[in-house]
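# Close look at the chain arrangement
The primary structure of each chain is shown beneath.
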Amino acid sequence: NIYLKQMLLGIKVFQKKIKIKRRRYNEMEYQMVKKWTRISSHCSRRTFITNCIKQNIPINEIMKMTGHSTISMLLNYMQKFGDKTFDFVERLKVK
């Protein structure tokens, strides 16, 4: 994660501040932090998997690239698509 954060330091879009919330002493606290501080290898992995699915890369190929042995584990990493409908059954057909 240290190397990833060092790389992001030089990219302008990650210098923008974002608002985060966290619970502190049973109260929600809001704080402004630079976006690069919130990025991790786990975050990058989730983004990679989500983008592969959006690009219609077959699930079994994504599983090979990420080292997942089951579809359910792979889908745990996938980010939500918001309001867009997404046909999981069609995507889960192994090609």
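### Description of the packing of helix α2 (residues 41-54) against helix α3 (residues 59-66)
Orientation of α2 relative to α3, taken along the N-to-C sense of each, is 160 degrees, at an axis distance of 10 Å. In this view, α2 runs roughly antiparallel relative to α3, as classed from their interaxial angle. Once α2 is placed against α3, the crossing between them reads as right-handed. Where α2 abuts α3, its residues Arg45, Phe48, Ile49, Cys52 and Ile53 lie against Ile59, Ile62, Met65 and Thr66. Residue classes in the contact of α2 with α3 are distributed as 7 nonpolar, 1 polar and 1 charged.

### With respect to the pairing of strand β1 (residues 17-24)
Here is the key point about a regular strand: its side chains alternate between the two faces of the sheet. Sheet analysis places β1 next to strand β2 (residues 27-34), joined by 8 bridges and oriented antiparallel. In the strand pairing of β2, arginine 23 is matched with methionine 28. Connecting β1 to the next strand, β2, in antiparallel fashion are 2 residues, including tyrosine 25 with a positive phi near 55 degrees.

About the cut-offs
- Residues numbered from 1 in each chain as written.
- Predicted model: local features only at pLDDT ≥ 70, side-chain atom pairs only at ≥ 80, totals over all residues.
- Heavy atoms only, no water.
- Axes fitted to C-alpha atoms, helices over the stretch in contact; angles between N-to-C directions.
- Helix = DSSP H or I, 4+ residues; strand = E, 2+ residues; numbered from the N terminus.
- Parallel < 35°, antiparallel > 145°, perpendicular 65-115°, else oblique.
- Left-handed = near helix turned anticlockwise from the far one by under 90°.
- Contact = heavy atoms within 4.5 Å.
- Nonpolar A, V, L, I, M, F, W, Y, C, P; charged D, E, K, R; others polar.
- Pairing = 2+ DSSP bridges.

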